[in-house]
Amino acid sequence: MSSEPTPIRRRSLRTPAELVEAGLAPPAARAALERVARNSVIALTPTLADLIDLNDPADPVARQFVPSAAELEVAPEERADPIGDAAYSPVKGIVHRYPDRVLLKPIMVCPVYCRFCFRRDMVGDADGTLSSAELDEALAYVAGKPGVREIVVTGGDPLMLPPNRLAELVERVERIGHVEVLRFHSRIPVADPERVTPVLAGALRPSSDSDLAVWVSVHVNHARELSPVARRGLRRLADAGIPLVSQTVLLKGVNDSAETLEELFRALVRNRVRPYYLHHPDLARGTGHFRLSIAEGQAIMRQLRGRLTGIAQPTYVLDIPGGAGKVPLMPEFWDEERGEVTDWRGRRHPYPPR
């Protein structure tokens, strides 16, 4: 019996020269983009490149993923590690900031490198990806901490791991009796959705008699990213019984209006994805052109309150610089007059740090 041929996967764009050749960057910008590329990784998948309107200089997809000379401008308050991961890393690949949960970073490779992400300076680093022995040590750390109930798998993008390794990770976490939730954060369902095969979806499912719940948090910032192939990938995950939530970053020139966010959040709910977090941008180096003020973000959230059903309302949050944790940007945590944010322990911090 004959079968359909496997489609040939197109290559991602990874250099300024390739971006110029594809018409995604002007030739005059190439020298500046070469300087950007010395400090951070570039990758743009064919799926996302196809969504870019070459006739729109303000295209919201291009703004997220095509590097610009603005990244060379670094403000004094910006940091290489703006949320303080390093200070809370007891073993390689683990960040333990909160009593009940840890971050696990098994791989430092992404399908696409967001220009507002502080990890764009770290991802692609082969030394960052865990060896078998390092993964053993990371999971042994979690096994020795009975107060840890959740593992948040991030990176890089953990769904870049082969399905057999994802299945093995799920199985190993199932054996850590006190871990109740395993949550994968990924851009793959929208950035490289062809990877979301039935095999991958099945690899994420825990065994039928397991008490472990596996969730996927999809990173998406604009409704245009939810292409037909991305929607099929989300459907495949949902049909496999995996609960889906989303994480969105509030970005100037991308989604900084109630209308744009409303369209995104409604589209997510239609695709069985619960909007979870709307992040205020981190103080990553060279990302000032993406940041709004907190007051502007709060104003947008107020506009959304009466326009969207409750299941389409994410929490607007700030990761406090330096590692103090994530808090909702509500009056009990944010003092606009004093320019201070209060962390979950009750400590106050100036924002931006001075």
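Provided above is the structure to which this section pertains.
Residue numbers run consecutively from 1 along every chain, following the written order of its sequence. Residues qualify for local features only when their pLDDT is at least 70, as the model is predicted, and side-chain atom pairs are given and counted only at 80 or more; totals for whole chains, interfaces and linings, by contrast, use all residues. The side-chain numbers reported here are obtained from all heavy atoms of the structure, hydrogens and water having been left aside.

Student: Talk me through unusual backbone geometry; I want residue IDs and the actual numbers.
Tutor: Note the cis peptide between G155 and G156, where omega equals 25 degrees. Numbering of helices and strands runs from the N terminus, with a helix taken as a DSSP run of H or I at least four residues long and a strand as a DSSP run of E at least two residues long. Along the chain, G156 turns up in the loop between β3 (150–155) and α6 (163–174). Here Y351 and P352 are connected by a cis peptide whose omega angle stands at -5 degrees. Positionally, P352 belongs in the segment after β12 (348–350). The phi dihedral of R272 is positive, around 65 degrees, even though this residue is not glycine. Note that R272 resides in the loop between α10 (258–270) and β7 (274–279). Type-normalised accessible area, obtained with a 1.4 Å probe on protein chains alone, sets the label of each residue: buried when under 20%, exposed when over 50%, and partly exposed for intermediate values. On the basis of relative accessible area, R272 is assigned to the partly exposed category, the value being 45%.

Student: Explain the packing of aromatic side chains residue by residue, including any values.
Tutor: Between 30 and 60 degrees the pair is tilted, below 30 it is stacked and above 60 it is edge-to-face, where a pair is any two Phe, Tyr or Trp rings, Trp via its six-membered ring, whose centres lie within 6.5 Å. One pass over the full model with this rule turns up 4 aromatic pairs. The interplanar angle of 80 degrees and the centroid separation of 5.8 Å between the aromatic rings of F116 and F290 together place this pair among those described as edge-to-face. With F116 in the loop between β2 (101–107) and α5 (132–143) and F290 in the loop between β7 and α11 (294–305), the pair connects residues that are 174 residues apart, well separated along the chain. Each ring, one from Y276 and one from Y277, has its centre 4.1 Å from the other, and the planes form 25 degrees; the classification is stacked. Among the residues examined, Y276 registers a relative accessible area of 29% and is labelled partly exposed. The rule is short: NZ of Lys or CZ of Arg within 6 Å of the ring centre and within 35 degrees of the ring normal puts a charge over the ring. A cation over a ring is seen here: R101 above Y98, with NZ or CZ 3.9 Å from the ring centre.

Student: Requested: an account of the packing of α10 against α11, with residues and values cited.
Tutor: Between the N-to-C directions of two axes lies an angle of 0 to 180 degrees, each axis being a line fitted to C-alpha atoms and, for a helix, fitted only over the stretch in contact. It is at 9 Å that the axes of α10 and α11 come closest, and there the two elements cross at 55 degrees. The angle between α10 and α11 places the two elements in the oblique class. In terms of crossing hand, the pair formed by α10 and α11 is right-handed. Every residue of α11 that contacts α10 at A258, L261, E262 and F265 is listed here: I300, Q303 and L304. Along the lines of polarity and charge, the residues of the contact of α10 with α11 split into 5 nonpolar, 1 polar and 1 charged. Orientation is classified from the angle alone, with under 35 degrees giving roughly parallel, over 145 giving roughly antiparallel, 65 to 115 giving roughly perpendicular, and any other angle giving oblique. In a left-handed crossing the near helix is turned counterclockwise from the far helix by less than a right angle, and in a right-handed crossing that turn is clockwise. It only takes one pair of heavy atoms within 4.5 Å for two residues to be counted as in contact. Basically, the charged four are Asp, Glu, Lys and Arg, the nonpolar ten are Ala, Val, Leu, Ile, Met, Phe, Trp, Tyr, Cys and Pro, and anything else, Gly included, counts as polar.

Student: If you had to explain α5 to someone new, which residues and values would you point to?
Tutor: Between its first and last C-alpha atoms α5 spans 16 Å; for 12 residues at 1.5 Å apiece the expected length is 16 Å, and the two agree. Three or more residues of α5 are buried, namely L135, A138, L139, Y141 and V142. Down the axis, α5 shows its buried residues gathered within 150 degrees of arc, on one side only. More than 90 degrees from the buried face of α5, the exposed residues found are S132 and A133. Those residues of α5 hidden inside the fold are in contact with β1 (94–98), β2, β3 and α6. Expected helix span is taken as 1.5 Å per residue step, with the number of steps being one fewer than the number of residues. To be clear, the arc concerns the directions from the helix axis to the C-beta atoms.

Student: I'd love a proper account of helix α9 (residues 228–239), names of residues and values included.
Tutor: Over its 12 residues, α9 runs 16 Å from end to end, which matches the ideal 16 Å to within 8%, given 1.5 Å per residue. The set of residues buried in α9 consists of A230, G233, L234, L237 and A238. For α9, the angular spread of buried residues about the axis comes to 135 degrees, placing them on one side. Considering only its buried residues, α9 is in contact with α7 (188–191), α8 (198–203), β5 (213–219) and β6 (244–249). Immediately downstream of α9, the backbone of G241 shows phi near 90 degrees, a positive value.

Student: Talk me through the sheet that holds β2; I want residue IDs and the actual numbers.
Tutor: Spatial ordering of the open sheet is given by β1-β2-β3-β4-β5-β6-β7-β8-β9, a layout of 9 strands whose pairing is mixed. What marks the edges here is a single partner per strand, and that holds for β1 and β9 (325–328). Across the sheet, the mean angle from the axis of one strand to that of its neighbour is 25 degrees, orientation sign disregarded. Only strands that DSSP links by at least two bridges are regarded as paired with each other. Pairing analysis gives 4 bridges linking β5 to β6, with the strands arranged parallel. From the neighbouring strand, V218 faces β6, where its bridge partner is S246.

Student: Any details on a positive patch on the surface? Residues and values, ideally.
Tutor: Each patch groups residues whose relative accessible area exceeds 30% and which form no salt bridge, using 9 Å between like charges and 5 Å between nonpolar side chains of Val, Leu, Ile, Met, Phe, Trp and Tyr. Per-residue and other accessible areas were derived by the Shrake-Rupley procedure at a 1.4 Å probe size, with only the shown protein chains allowed to occlude residues. Here, a salt bridge means any side-chain nitrogen of Lys or Arg that lies within 4 Å of a carboxyl oxygen of Asp or Glu. Only four residue types enter the charge count, namely Lys and Arg as positive and Asp and Glu as negative; His and the chain termini do not. We put the charge of a Lys on NZ, of an Arg on CZ, of an Asp on CG and of a Glu on CD. Where like charges cluster on the molecular surface, the positive patch consists of R231, R232, R235, R236 and R270. With 4 residues, α9 is the single largest residue contributor to the positive patch. One can find R270 in helix α10.

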